[in-house]
Each structure stands twice: as structure tokens, then as C-alpha cells.
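# Descriptive structure summary
Letter by letter, the chains look like this.
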Amino acid sequence: MNDLAGKTAFVTGGASGIGLAMGRAFAEAGMRVMLADIEPKPLQHALEALQGNLPEVRGVLCDVRDYDAVERAAHMTVKAFGNAGADNISLQDWRWVIDINLMGVVHGVKAFVALLKTHGEGGHIVNTASMAGFLSGTGFGAYTASKFAVVGISEALATELEPHGIGVSILCPGWVATCISESRRNWPKEYGAPPPKGPLSEQFAELIRNGMAPSDVAELVLKGIKDNELYIFTHPEMRPWLEKRVDRCLVAYRKLGPAPQEIMG
Ligand SMILES: NC(=O)c1ccc[n+]([C@@H]2O[C@H](COP(=O)([O-])OP(=O)(O)OC[C@H]3O[C@@H](n4cnc5c(N)ncnc54)[C@H](O)[C@@H]3O)[C@@H](O)[C@H]2O)c1
């Protein structure tokens, strides 16, 4: 998908951070952009900031944990732009992370793929994973589980959608300077009281503060869409960690001995 101008982009978490930067970059590339977010005020501010120069940016309040809300937002997008692009962790913490990071992606895919197939012009889906989609570590269990799942779903989706001319990219950033350290601001009441911040949270907040600019991530996303890249990596300095993981798998695998010829062929 090389020519993005005139296509429609639906961006979840679009009022802040990476989502907002992607929305801006997409609009600047001539796309029509629907920013979906759960926070009304930041969404309003984002729209005010963008719409002056980029009138094809709209916004919708949408909680990605709620499939009906995502479906409604998908239909609003089609209505607004025409069918031009339209197809020691607590249990509450697990639910919240899985509901947003995993089910949010599932809902987005479910609401949009059918619409993309219907218009028959192809398209592109970017699912936001993380380097935590490949790497794990202490205290990261729920987050990394949700991101590994996003990688898995997206890899499957890429092969399923290729015949329809729909590309899939998996965004895998390292540290990015966004509001993610304050993500508990959106903790929903129905999950009970929010768990206290973990002992490592200040350390991570520091890494986030010094992270990559969201606009740089957005540029890499645009390039990844144009080049139809399955993986969009952003932080070259994290490559040794990925290599270590892959090497560890291969070392374990090689202990099984050589692969039988018929399987390899
Ligand atoms: N910042 C990083 O270092 C980093 C690294 C790797 C991956 N990521 C991923 O990037 C994505 C975006 O995070 P960010 O860093 O821009 O954080 P952010 O907190 O700046 O932005 C997240 C946005 O999502 C919105 N949101 C939260 N719950 C929602 C819901 N239920 N429905 C709809 N919108 C909701 C928030 O209101 C906010 O606008 C996340 O999936 C995160 O896991 C971030």
C-alpha cells in the first residue's frame, strides 16, 4: 500500500502518545483519520490541535474493551468518510491489560476486516504490540502476555488477509516518551480499586521519559505501511535482546538433533 492519500485510518488510543502521533502523520500523508479514545478532554484537545491544518481528522469516544462500541465507531467512520477504508499481578490487573491490549485489538480487527474486504480496494492494519511482544521480564507477565498475543494474532492475520490485498504490520516499539506511565488514569471502576504501583514503576517511568519521540515512531509506521513490513521495529539498541531470545530457542531446539529431511523440504 504505497499511496496512502485519500485512504481512511482508524487509530485507537488516538488522543495521546503514539496513537496521536500516528494520527497526525497519517493526516499529513493525506489520509482521512478517525481518532478513537476513551478520554474526552484529550481527544477534544487533539482534534482542536489537528483540525486547523488537517480538516480530514475526526474523533470518536470509544472504549476498545467494548465490542459494540468499537463496531459503532467503525460504522461512524464509514459514515464520516464513506467506505473508503472501511473494513505478583492482581487478577484485576490481568483483566484490564488483556481487555485493552488484546481484546482492543481483537475488537478492532473484527469490526474493520469485514468492511475492508467489502470495499475490495485492499488496505492495511497496524496492530500495536511492543518489544514486549518478543521479550519478557520480571513484573511484565500480563503486559507481555497481551503483546505476545498481539504478535501471534497479527502474524496469522497477515497470511489470511494477503489474498485480499490487506497488509498487516506489528508495531514493536521500545521506550517511547508518552503518558503510558500514567495509564492507570483510565482504570475503570468495575475492576475494583487499582493495584498499587509496582516497585519498578519509577525506573520504567524514567526510561519512558527519556524514550523516543512518538512522532519518530509514527514516521517509521508510515514507512512500514508503505513497504508492507510485517514487523515495525523502532529501537536498534534492543536488537541484542531479541537475538538472545532467538538464540536461546535455537539452542534448545538443536538439542533435538537434525531436522528430518521430509519436514525441512
Ligand atoms: N510508550 C511506550 O514506551 C510503549 C512501548 C511499547 C508499546 N507501547 C504501546 O503503545 C500503545 C499506545 O500507548 P502510549 O505509549 O501512546 O500511551 P498513552 O498513555 O500516551 O496513550 C494511550 C491512549 O489510549 C487511550 N485508552 C486507554 N484505555 C482505552 C480504552 N479502553 N479504549 C480506548 N482508548 C483507551 C488513553 O486514553 C490514551 O489516549 C499501547 O498499546 C502501548 O502498550 C508503548
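As the structure is a prediction and not an experimental result, all values here were calculated from the model. (Residues numbered from 1 in each chain as written. Predicted model: local features only at pLDDT ≥ 70, side-chain atom pairs only at ≥ 80, totals over all residues. Heavy atoms only, no water.)

Before going further, it helps to examine the pattern of salt bridges. Counted according to the given criterion, the structure contains 10 salt bridges. With a closest N to O distance of 3.1 Å, Arg-185 and Glu-39 form a salt bridge. Beyond isolated ion pairs, a larger network of salt bridges with shared partners links Arg-32, Glu-56 and Arg-58. (Salt bridge = Lys/Arg side-chain N within 4 Å of Asp/Glu carboxyl O.)

As a further point, take the side chain of His-107. Assignment of secondary structure puts His-107 in helix α4 (residues 91-119). At a separation of 2.6 Å, a polar atom in the side chain of His-107 contacts the main-chain carbonyl oxygen of Val-64. If we skip the residues at most four places from it in the chain, His-107 touches Val-64, Arg-65, Asp-66, Tyr-67 and Val-70. (Helix = DSSP H or I, 4+ residues; strand = E, 2+ residues; numbered from the N terminus. Polar contact = N/O pair within 3.5 Å; in protein donor to acceptor, adjacent residues only side chain to side chain. Contact = heavy atoms within 4.5 Å.)

Turning our eyes to something else, we now look at the site of the ligand. Ser-16, Asp-37, Tyr-143, Val-176 and Thr-178 are the nearest of the 26 residues found near the ligand. Residue Asp-37 places a side-chain N or O atom 2.5 Å away from an oxygen atom belonging to the ligand. Between the ligand and the protein, one listed contact pairs a nitrogen atom with a backbone N or O atom of Cys-62 at 3.2 Å. Look at the ligand: alone it shows 840 Å² of surface, and the protein chains cover 88% of it. (Near = heavy atom within 4 Å. Areas by Shrake-Rupley, 256 points an atom, 1.4 Å probe, with all protein chains shown as cover.)

Moving on, we come to unusual backbone geometry. Positive phi is not limited to glycine here, since Asn-228 has a value of about 50 degrees. Along the chain, Asn-228 turns up in the loop between α7 (214-226) and β6 (231-233). On the basis of relative accessible area, Asn-228 is assigned to the partly exposed category, the value being 43%. (Buried < 20%, exposed > 50% of the residue type's maximum accessible area, 1.4 Å probe, protein only.)

All right, on to the nonpolar core then. With 27 residues, the main nonpolar core has Met-22, Phe-26, Val-33, Leu-35, Val-57, Leu-171 and Val-221 as its most contacted residues. At the level of elements, β1 (8-12), α1 (17-28), β2 (32-37), α2 (40-51) and α7 are the ones that each hand at least two residues to this core. At six residues, α1 tops the list of elements feeding residues into this core. If we ignore the near neighbours within four places in the chain, the residues touching Val-221 are Met-22, Phe-26, Val-126, Leu-171 and Ile-232. Core analysis: the next-biggest nonpolar cluster, separate from the first, contains 20 residues, Val-113, Ile-125, Phe-134 and Val-168 among them. (Core = buried A, V, L, I, M, F, W, Y, C linked by side-chain atoms within 4.5 Å.)

Where α1 meets α7, the axes come as close as 8 Å, and the angle between the chain directions of the two elements is 55 degrees. In terms of their interaxial angle, α1 and α7 are classed as oblique. When you trace α1 past α7, the crossing you get is right-handed. Here Gly-17, Ile-18, Ala-21, Met-22, Ala-25 and Phe-26 of α1 lie close against α7, whose contacting residues are Pro-214, Ser-215, Val-217, Ala-218, Glu-219, Val-221, Leu-222 and Ile-225. Per-class residue counts for the contact of α1 with α7 are 11 nonpolar, two polar and one charged. (Axes fitted to C-alpha atoms, helices over the stretch in contact; angles between N-to-C directions. Parallel < 35°, antiparallel > 145°, perpendicular 65-115°, else oblique. Left-handed = near helix turned anticlockwise from the far one by under 90°. Nonpolar A, V, L, I, M, F, W, Y, C, P; charged D, E, K, R; others polar.)

All right, on to the packing of aromatic side chains then. The tally for this structure, following the rule as stated, stands at nine aromatic pairs. Taking the centre distance of 5.6 Å and the plane angle of 50 degrees together, the rings of Phe-134 and Phe-233 count as tilted. One end of the pair, Phe-134, is in the loop between β4 (123-128) and α5 (141-161); the other, Phe-233, is in strand β6, and 99 residues separate them in sequence. Using a relative accessible area of 36% as the deciding quantity, one classes Phe-233 as partly exposed. (Phe/Tyr/Trp six-rings, centres within 6.5 Å; stacked < 30°, edge-to-face > 60°.)

Another point: the sheet that holds strand β5 (residues 166-172). Overall, parallel pairing links the three strands, which are arranged β4-β5-β6 in an open sheet. Two strands close off the open sheet at either side, each with one partner strand: β4 and β6. Direction aside, neighbouring strands of the sheet carry axes that sit 25 degrees apart on average. Judged from the three bridges that link them, β5 and β6 form a sheet pairing that is parallel. Bridge pairing in β6 links Leu-171 to Ile-232. (Pairing = 2+ DSSP bridges.)

That is the geometry; function is a separate question.
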